[in-house]
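# Summary of structural features
If you want the building blocks of each chain, they are given just below.
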Amino acid sequence: MPKNFKKIGYCFVATTLLILGISSKTNSQNTAPGLCLRHTRISGSSGNVVDTDWICSRVGNFSQWIGLGDDTGWKDQELAFRAIGGAEICLEHTRVSPSSGLRRENKCSSSVNDIKSVNLGDDTGWKDQKLTFTIYTPRENYEMCLQHRRRSGSSGKVINTGWKCASEYNTETIYLGDDTGWKDQNLRFTVRNR
């Protein structure tokens, strides 16, 4: 076989292997487990709606910070979520009313089209607000992590939960604080290999 044909043959094989490698990597990234969150709230004074839109993160990537607003009279606060890449994500929000006691809501999402939401309540004096979460995946080797930070409206002190992570069949909880004038409340998340 002439040398030029051998070179062409080697180039073809190398190019094919490169394309297959890129295709495999891309397909792997597209099927990697992840999570999308969206926070909405309505101003108690103007009635304007604030919507963060969907913020998503797959395995190995950190999401952007999601602004949850200050404790300044927001109403109908909701945290919508959907799982991506074959994961099932479950969230539970609990809060305590001085008058009516404990309120609990939990939902699970198992696909990008399976949009669920938990109600975070109005800024009306709720106490002991918590967000509990977990993740389930077919391969059972992932964990979901959340981080929450807020700033005291009086002292300016910043409270940061650090990363709290839950793996298959285990749950983790982050404390969101009471309705006592917190500012710059933010949440971010990631999914990663255990």
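Along each chain, numbering runs from 1 in the same order as the chain's sequence is written. pLDDT decides what is reported in this predicted model: residues at 70 or higher carry local features, side-chain atom pairs at 80 or more are listed and counted, and totals for whole chains, interfaces and linings draw on all residues regardless. In computing side-chain values, all of the structure's heavy atoms are included and hydrogens and water are not.

A separate point is the overall build of the chain. Helix and strand assignments follow DSSP, with helices taken as H or I runs no shorter than four residues and strands as E runs no shorter than two, numbered in order from the N terminus. What the chain contains, in helices and strands, is 1 helix and 14 strands. When accessible area is computed with a 1.4 Å probe and restricted to protein chains, residues below 20% of their type maximum are described as buried, those above 50% as exposed, and intermediate ones as partly exposed. A burial count over the chain gives 37% of its 194 residues as buried. Of the contacts made within the chain by residues no fewer than 6 positions apart, 74% connect residues no fewer than 24 positions apart. Values of accessible area rely on a 1.4 Å probe in the Shrake-Rupley scheme; residue burial ignores everything except the protein chains shown. Within the structure as shown, the chain displays about 10,700 Å² of accessible surface, and the carbon and sulfur contribution to it stands at 50%. Contacts were defined at the residue level, with two residues in contact if any of their heavy atoms lie within 4.5 Å.

In this structure, Asp-53 is a non-glycine residue whose phi angle is positive, near 65°. The exposure class assigned to Asp-53 is partly exposed, which follows from its relative accessible area of 43%.

The next point concerns the side chain of His-39. Structurally, His-39 can be placed in strand E1 (residues 34–42). Within the local environment of His-39, its side chain forms a polar contact with the side chain of Arg-41, the two groups lying 3.2 Å apart. Beyond its immediate sequence surroundings of up to four residues, His-39 is in contact with Val-50, Asp-51, Thr-52, Ile-66, Gly-67, Leu-68, Gln-77, Glu-78, Leu-79 and Leu-120. The term polar contact refers here to a pair of N or O atoms within 3.5 Å; inside protein, the definition further demands a hydrogen-donor-capable atom paired with an acceptor-capable atom, and it admits residues adjacent in sequence only when both atoms are side-chain atoms.

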